[in-house]
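Results of the structural survey
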Amino acid sequence: MTSPPPSGDPRPQPLPSALARVPAILATAVAIMVPLSVLVTPKLFGPLAATAIWGLAIVLCFGGWGTWLGRQLVAELEVDWGLRAAWGLALTIAVGGPLCLFGLARRPTLLIWIFGGIALGAREMFRVSDSPPQIWRRFWAVVTGCRHTPLIVAMVSVVGFLYLGAAARAVPNPNDDWVAYLPFVRKILQTGTFIDPFSVRRMAAYGGQSYLQALTLIVAEVSRVQIFDGGICLVLSFALIFGFAREARRISWTILLLVGLVVIMLPDNRANSAAEMSGVVGFVAAWRTVVLIDRAGLRGARPALLTALSMAAVCTLRQNYLPVVGFMLLALCLRRGDEQQSPSWADRRRHLGLVVVLLGACLLPWASLAFRSNHTFLFPFFHGNYDPNYGGITAPSP
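Computed from a prediction, not measured in an experiment: that's the story for all the values here. (Residues numbered from 1 in each chain as written. Predicted model: local features only at pLDDT ≥ 70, side-chain atom pairs only at ≥ 80, totals over all residues. Heavy atoms only, no water.)

**Focus: the overall build of the chain**
The condition that has to hold: Secondary structure elements follow DSSP: runs of H or I of four or more residues count as helices, runs of E of two or more count as strands, with numbering from the N terminus. Throughout this description, buried means an accessible area under 20% of the type-specific maximum (1.4 Å probe, protein chains only), exposed means over 50%, and partly exposed covers the range between. In this description, contact between two residues means that some pair of their heavy atoms is separated by no more than 4.5 Å. Working definition of accessibility: Shrake-Rupley area with a 1.4 Å probe, residue cover restricted to the visible protein chains.
Within the chain one finds 17 helices and zero strands. Across the 398 residues that make up the chain, the buried fraction comes to 49%. Sequence separation of at least 24 residues holds for 75% of the intrachain contacts in the chain that already meet a minimum separation of 6. Approximately 20,300 Å² of the chain is accessible, and the part contributed by carbon and sulfur atoms is 67%.

Next up, the structure:
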């Protein structure tokens, strides 16, 4: 047994375990009770606040599921919260495929998934919770040790402002959102799936974007559908950018701030609620996952599954994202060494094959649902219910 320090010892005394868990208990109570209050009495908060709070609850859900997934597949790696949240988004889409295929993605099921993710995040907080003095000292060391702190705070404030803007009321596109994208979301919430045999827009995507939007429209009004792509995905994008500093210790914060500034200054050309910023999250997360696993030298089914989940999530957002994912797969087999016959080259080929198989398995439920809806699993290569004369019929007259 260690003897207690002398009376004049300035070192902080360890706090009782119950007191050390106070921050985690308070954070858990807020993370669960506030979204529940928004869900039960949204009028108490107002439409803007209710939408913004519910969007943050979904962010916490992604973080919780992504943390759980990381511990199951790559427990030996320390991963920043941004990448873990992106993994949670990918897992949500992967689970959503079978749910939509069998008509189970109804409102109660989605609520169980959201609060289940929040509960997993709370469990992680209890696992790593420190005492309040330790948290304060760590926070103060980060603030005072980085000369870019004022710029980081300013950029985070701008992101928060843009997030609130995405939660505000907007006018959905009458030619796309009202007739196609929003009805898809309503069908998911009401029927657990979305079958539309005569919709070209249904053929053009597997449905991952609509499924994720259904999570937000449990509380948000349809006029605030941009909270997902323009709000939640914007937050996840910056979490991925700033979180990269934990993986690449030598990277300059100036570079990360410049990248963040570029993202903020990108022109908002959204014509509808289709995937845009969600694609940014998906591609950045897939690239970071590939790089992380390659640098760590991980091989086997678990790292390959994590890579496949990240890439499959992007594929479900838009059909035209598929070729880019194909190029990313080719990057997996880029060789190291002097000859292609080296063990490194053979190892990469095996890893690529495993990722491709698992990627196909992750996409199979979504492709099956697309075939069930429109008799095509890869439009426009296979037309399905689409009539090739449709383009000529709807083209404007010269």
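**Examining the packing of helix H13 (residues 277–296) against helix H14 (residues 301–317)**
Just so we agree on the cut-off: Here the axes come from fitting lines to C-alpha atoms, over the contacting stretch only for helices, and the angles between their N-to-C directions go from 0 to 180 degrees. Any angle that is under 35 degrees is reported as roughly parallel, and any over 145 degrees as roughly antiparallel; angles of 65 to 115 degrees are reported as roughly perpendicular and all others as oblique. Take the far helix as the reference: if the near one is turned anticlockwise from it by less than a right angle, the crossing is left-handed, and if turned clockwise, right-handed. Residues are grouped as follows: Ala, Val, Leu, Ile, Met, Phe, Trp, Tyr, Cys and Pro are nonpolar; Asp, Glu, Lys and Arg are charged; all remaining types, including Gly, are polar.
Interaxial distance between H13 and H14 falls to 9 Å at its minimum, and their mutual angle equals 160°. What the angle tells us is that H13 and H14 run roughly antiparallel. For the crossing formed where H13 meets H14, the hand is left-handed. Where H13 approaches H14, its residues Ser278, Gly279, Gly282, Phe283, Ala286, Thr289, Val290 and Ile293 are matched on the opposing element by Pro303, Leu306, Thr307, Ser310, Met311, Val314 and Leu317. By residue class, the composition of the contact of H13 with H14 is nine nonpolar, six polar and no charged.

**Comments concerning the side chain of Ser210**
Take Ser210: it is sitting in helix H10 (residues 208–216). Since its relative accessible area comes to 6%, Ser210 is described here as buried. Contact partners of Ser210, with chain neighbours within four places excluded, come to Phe184, Val185 and Ile188.

**Remarks on H10**
For an α-helix, the turn length of 3.6 residues means that residues three or four places apart are oriented alike. The element H10 is largely enclosed, with a buried count of nine among its nine residues. Residues Gly208, Gln209, Ser210, Tyr211, Leu212, Gln213, Ala214, Leu215 and Thr216 constitute the buried set of H10.

**Quick look at the side chain of Ser273**
This is how the line gets drawn: In protein, a polar contact means a hydrogen-donor-capable atom and an acceptor-capable atom, both N or O and within 3.5 Å, with residues adjacent in sequence counting only if both atoms are side-chain atoms; elsewhere, any N or O pair within 3.5 Å suffices.
Following the sequence through the fold, Ser273 ends up in the loop between helix H12 (253–265) and H13. For Ser273, a relative accessible area of 2% puts it in the buried group. For Ser273, the side chain forms a polar contact with the side chain of Asp177, separated by 2.7 Å. Setting aside its immediate chain neighbours within four residues, Ser273 contacts Asp177, Tyr181, Gln209, Gln213, Val225 and Gln226.

**Quick notes on the pattern of salt bridges**
Selection criterion: By salt bridge we mean one thing: a side-chain nitrogen of Lys or Arg within 4 Å of a carboxyl oxygen of Asp or Glu.
According to the stated counting rule, one finds ten salt bridges in the structure shown. Of the charged contacts in the structure, one is a salt bridge between Asp347 and Arg350, with a shortest N-O distance of 3.8 Å. Residue Asp347 and its partner Arg350 are both found in helix H16 (residues 343–374); the two are separated by three residues, about one turn of the helix. One salt-bridge network, held together by shared partners, links Asp294, Arg299, Asp347, Arg348 and Arg350.

**Regarding the packing of aromatic side chains**
For any two aromatic rings, the description comes down to two numbers: the centre-to-centre distance and the angle of the planes. Filter applied, for reference: Aromatic contacts are taken between Phe, Tyr and Trp rings whose centres are within 6.5 Å, Trp giving its six-membered ring; a plane angle under 30 degrees counts as stacked, one over 60 as edge-to-face, and the others as tilted.
In total, this model carries ten aromatic pairs according to the counting rule given. Between Tyr211 and Trp366 the ring centres are 6.2 Å apart and the planes differ by 70°, which places this aromatic pair in the edge-to-face class. On the criterion of sequence distance, the pair formed by Tyr211 in helix H10 and Trp366 in helix H16 is long-range, its members being 155 residues apart. Here Phe238 and Phe242 contribute two aromatic rings whose centre-to-centre distance is 5.9 Å and whose plane-to-plane angle is 65°, an arrangement assigned as edge-to-face. With a gap of four residues between them, Phe238 and Phe242 both fall in helix H11 (residues 226–247), about one helical turn apart. Residue Phe242 is classed as buried on the basis of its relative accessible area of 16%.

**Quick word on the confidence of the model for the chain**
What counts is decided by this rule: In predicted models, pLDDT denotes the confidence assigned by the predictor to each residue on a 0 to 100 scale.
On average, the chain scores 83 in pLDDT, and the residues at 70 or more come to 84%. Mean pLDDT values for the elements of the chain range from 54 in helix H17 (residues 390–394) up to 96 in helix H4 (residues 81–101). Taken together, the stretch residues 337–343 has pLDDT below 50 and engages in four contacts with residues farther than four places along the chain or on a different chain.

**So, a nonpolar patch on the surface**
Convention followed: Patch membership needs two things, relative accessible area over 30% and no salt bridge, and members are linked within 9 Å if like-charged or within 5 Å if nonpolar (Val, Leu, Ile, Met, Phe, Trp, Tyr).
Residues Phe371, Phe377, Phe381 and Phe382 make up a contiguous nonpolar surface patch of roughly 470 Å² in combined accessible area. By the secondary structure assignment, Phe381 is in the loop between H16 and H17.

**Digging into helix H7 (residues 149–167)**
The condition that has to hold: How far a helix is expected to stretch is found by multiplying one less than its residue total by 1.5 Å. As used here, the arc is the angular range of directions from the helix axis to the C-beta atoms.
Relative to the 27 Å expected for 19 residues at 1.5 Å per residue, H7 spans 27 Å between its end C-alpha atoms, a close match to the ideal helical length. Where H7 is concerned, the buried positions are Thr149, Ile152, Met155, Val159, Tyr163, Ala166 and Ala167. Seen from one end, H7 has its buried residues packed into an arc of 125°, which puts them on one side. Relative to its buried face, H7 has exposed residues pointing more than 90 degrees away, namely Pro150, Leu151 and Phe161.

**As for unusual backbone geometry**
Phi at His375 is positive, roughly 60°, even though this residue is not glycine. Within the secondary structure layout, His375 lies in the loop between H16 and H17.

**Some details on the environment of Phe184**
Looking at the element boundaries, Phe184 is found in helix H8 (residues 177–191). Taking relative accessible area as the criterion, Phe184 reaches 3% and is therefore assigned buried. C-alpha of Phe184 to C-alpha of Asp196: the two residues are twelve residues apart in sequence and 8.4 Å apart in space. The residues contacting Phe184, other than those within four sequence positions of it, are Phe194, Asp196, Ser199, Arg201, Arg202 and Ser210.

**Observations concerning the environment of Pro197**
Following the sequence through the fold, Pro197 ends up in the loop between H8 and helix H9 (200–203). For the pair Pro197 and Gly384, spaced 187 residues apart in sequence, the C-alpha to C-alpha distance is 9.3 Å. Residues contacting Pro197, with those up to four places away along its chain left out, are Met203, Ser373, Asn374 and Asn385.

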